[in-house]
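Listed below are the residues making up each chain.
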Amino acid sequence: MTTTSDHVLIFDTTLRDGEQSPGATMTHDEKLEIAEMLDDMGVDIIEAGFPIASEGDFAAVSEIAKRSKNSVICGLSRANFKDIDRCAEAVRHAAKPRIHTFIGTSPLHREIPNLSKDEMADLIHETVTHARNLTDDVQWSAMDATRTEHDYLCRVIEIAIKAGATTINIPDTVGYTAPRESADLIRMLIEKVPGADEVTFATHCHNDLGMATANALAAVEAGARQIECTINGLGERAGNTALEEVVMALKVRNDIMPWSTGVDTKKIMNISRRVAQVSGFAVQYNKAIVGKNAFAHESGIHQDGMLKNAETFEIMRPEDVGLSETSLVLGKHSGRAALRDRLNQLGFDVGDNHLKDVFVRFKELADRKKEVFDDDLIALMRDGTDAANDRILVKFLRVICGTEAPQSADLTLEIDGVDHQKTATGDGPVDATFNAIQALFPHDARLQLYQVHAVTEGTDAQATVSVRMEENGKIVTGQSSDTDTVVASAKAYVNALNNLLVRREKTKPEGV
């Protein structure tokens with residue numbers, strides 16, 4: 001691919017480099033699921049794993065190769081025949097297979113195998129040639145390229161090209177470089193290495209200094225036409241270039257970066273959330289593009305501007321990454337405009353005088369809470385009449401727990417004035433209690449949060465339990481305190497259900 005091409009290939013290594021994040025190991029089925037999502041969203045190359053690493057890795061790469069419909073399926077191998085053969089075997093069923101072989105070329109990495117420059121050059125020639133004899137698509141990487149002497153880097157790249165490599169990857173393996181250096185290095189290699197115009201140059205940047213995305217885009221500006229990245233920036237140490245960041249940067253700033261990708265950006269949020277689930281690595285709230293706060297606003301000035309024209313404080317639309325809408329978070333920094341808008345959405349038509357009164361109480365509540373949820377606003381509008389209007393009440397609860405499972409809960413709820421009793425089992429007394437509530441009052445709400453806090457010290461401490469539930473995009477919370485933690489849990493859960501029932505009754509006014 002020439003440097004004048006306006007298309008940038010996206011090489012996703014979530015299943016290889018991403019899974020190397022300590023603790024991010026995925027199951028076989030999870031890898032297949034993520035690979036299918038990557039293939040469906042238009043990723044050009046999927047690095048499915050490191051086949052020689054384990055039988056499990058080999059099986060995953062092999063199965064992904066068989067199932068892939070659109071993407072090139074790539075496996076990683078070190079610079080030896082055994083690795084390369086195993087890799088070739090794993091990807092051979094793919095419609096478009098690729099072998100990716102690498103070796104560390106910097107002085108530090110040459111010391112590890114105790115190879116001279118000439119010995120390493122010979123090894124590169126032999127292994128790339130061997131890989132090319134097994135497949136037409138061979139990628140070669142100079143690990144730690146950004147700390148390799150420029151003359152030696154040019155030499156070994158030329159050798160790899162002559163041996164048959166079709167893609168030359170220039171990794172910033174330790175996240176050491178800066179954007180200007182990244183661009184200068186790619187530009188120098190393209191200008192000096194014979195045959196550089198016949199291959200695709202790739203960039204693989206780590207985020208140790210927080211510059212992975214900037215370094216990758218700088219490399220593209222200098223002529224690289226493949227970006228190696230991962231979903232949510234997963235990877236060794238501080239991670240890699242994040243797929244969502246480079247793709248959206250190219251989309252949003254096409255005026256100064258006139259390159260395109262084939263990635264369907266509307267599927268970004270869905271795969272981001274799924275990768276976070278299966279890897280166990282939660283996405284930080286302020287993460288670019290996919291973080292919870294990326295499209296959230298709390299400041300009154302920002303919220304007022306957003307209500308008038310979303311472009312005042314957002315450079316991309318939530319729909320562009322698969323979200324339904326912007327979130328105007330209500331907190332102590334919020335203003336009247338955002339409060340009125342949210343109350344309107346909840347079905348409350350608030351006049352100016354009433355709004356003044358509600359706003360004062362809202363601010364008092366916001367000073368005590370980090371975030372004010374919709375059910376908090378409903379409680380404000382109900383003006384302290386919650387208990388009288390509650391349709392569900394806890395009348396009786398007895399639990400049996402201990403070392404012998406299963407634990408059980410005998411529960412009586414008053415629902416719309418009628419008592420209902422149920423005994424249920426579960427994994428612990430709280431789980432058993434929640435199962436009993438679910439049986440007595442069936443619902444589809446999903447429990448998002450369960451927290452217990454001791455209000456006082458000692459074994460007789462009063463426990464405050466908070467729960468958060470979600471149903472069809474509506475989020476409600478419940479809270480209760482008791483010296484018995486299980487009783488507090490039951491009442492908090494029921495409190496949330498009562499708030500949910502109020503939410504169901506409220507409909508959005510016409511014309512809003």
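Treat the numbers as computed from the prediction; the structure is a model and nothing was measured.

Brief notes about the sheet that holds strand β4 (residues 97–104)
Link 1 in the chain: Pairing within the closed barrel is parallel, and its eight strands lie in the order β1-β2-β3-β4-β5-β6-β7-β8. With direction set aside, neighbouring strand axes in the sheet form an average angle of 25 degrees.
Link 2 in the chain: One ladder, built from two bridges, connects strand β1 (residues 9–12) with strand β2 (residues 45–49); its direction is parallel. Its bridge partner being in β2, F11 is matched across the sheet by I45.
Link 3 in the chain: Sitting on the sheet, helix α5 (residues 117–134) is in contact with β4 and β5 (138–143), with an inclination near 170 degrees to β4.

Regarding the sheet that holds strand β12 (residues 407–415)
Link 1 in the chain: On the basis of which strands lie adjacent, the open sheet formed by three strands has the order β11-β12-β13 and antiparallel pairing. Of all the strands in the sheet, the pair left with one neighbour each is β11 (392–400) and β13 (418–426). Direction aside, the axes of adjacent strands within the sheet are offset by 15 degrees on average.
Link 2 in the chain: Where β12 meets β13, nine bridges bridge the pair, whose relative direction is antiparallel. Looking across to β13, one finds that L413 is bridged to H420.
Link 3 in the chain: Together, β11 and β12 form the strand contacts of helix α17 (residues 485–505), whose direction differs from that of β11 by roughly 150 degrees.

Side note on the UniProt feature "domain: Pyruvate carboxyltransferase" (unreviewed entry) in the protein
Link 1 in the chain: With numbering aligned to this structure, UniProt lists the feature "domain: Pyruvate carboxyltransferase" (unreviewed entry) at residues 8–269.
Link 2 in the chain: Strand forms 18% of residues 8–269 and helix 43%; the C-alpha atoms that close the span are 21 Å apart.

Concerning the pattern of salt bridges
Link 1 in the chain: On inspection of all chains with the given rule, the structure shows 29 salt bridges.
Link 2 in the chain: For D208, the salt bridge goes to R237, with nearest N and O atoms at 2.7 Å. One end of the pair, D208, is in the loop between β7 (200–205) and α8 (212–222); the other, R237, is in the loop between β8 (226–229) and α9 (243–252), and 29 residues separate them in sequence.
Link 3 in the chain: Ionic pairing is found between D264 and K267, a salt bridge with its closest N-O pair at 3.9 Å.
Link 4 in the chain: According to the relative accessible area criterion, D264 is partly exposed, its value standing at 30%.
Link 5 in the chain: Owing to a relative accessible area of 30%, K267 belongs among the partly exposed residues under this scheme.

Rules used throughout
- Residues numbered from 1 in each chain as written.
- Predicted model: local features only at pLDDT ≥ 70, side-chain atom pairs only at ≥ 80, totals over all residues.
- Heavy atoms only, no water.
- Pairing = 2+ DSSP bridges.
- Helix = DSSP H or I, 4+ residues; strand = E, 2+ residues; numbered from the N terminus.
- Axes fitted to C-alpha atoms, helices over the stretch in contact; angles between N-to-C directions.
- Contact = heavy atoms within 4.5 Å.
- UniProt positions renumbered as here; feature names shortened; annotations may be inferred.
- Salt bridge = Lys/Arg side-chain N within 4 Å of Asp/Glu carboxyl O.
- Buried < 20%, exposed > 50% of the residue type's maximum accessible area, 1.4 Å probe, protein only.

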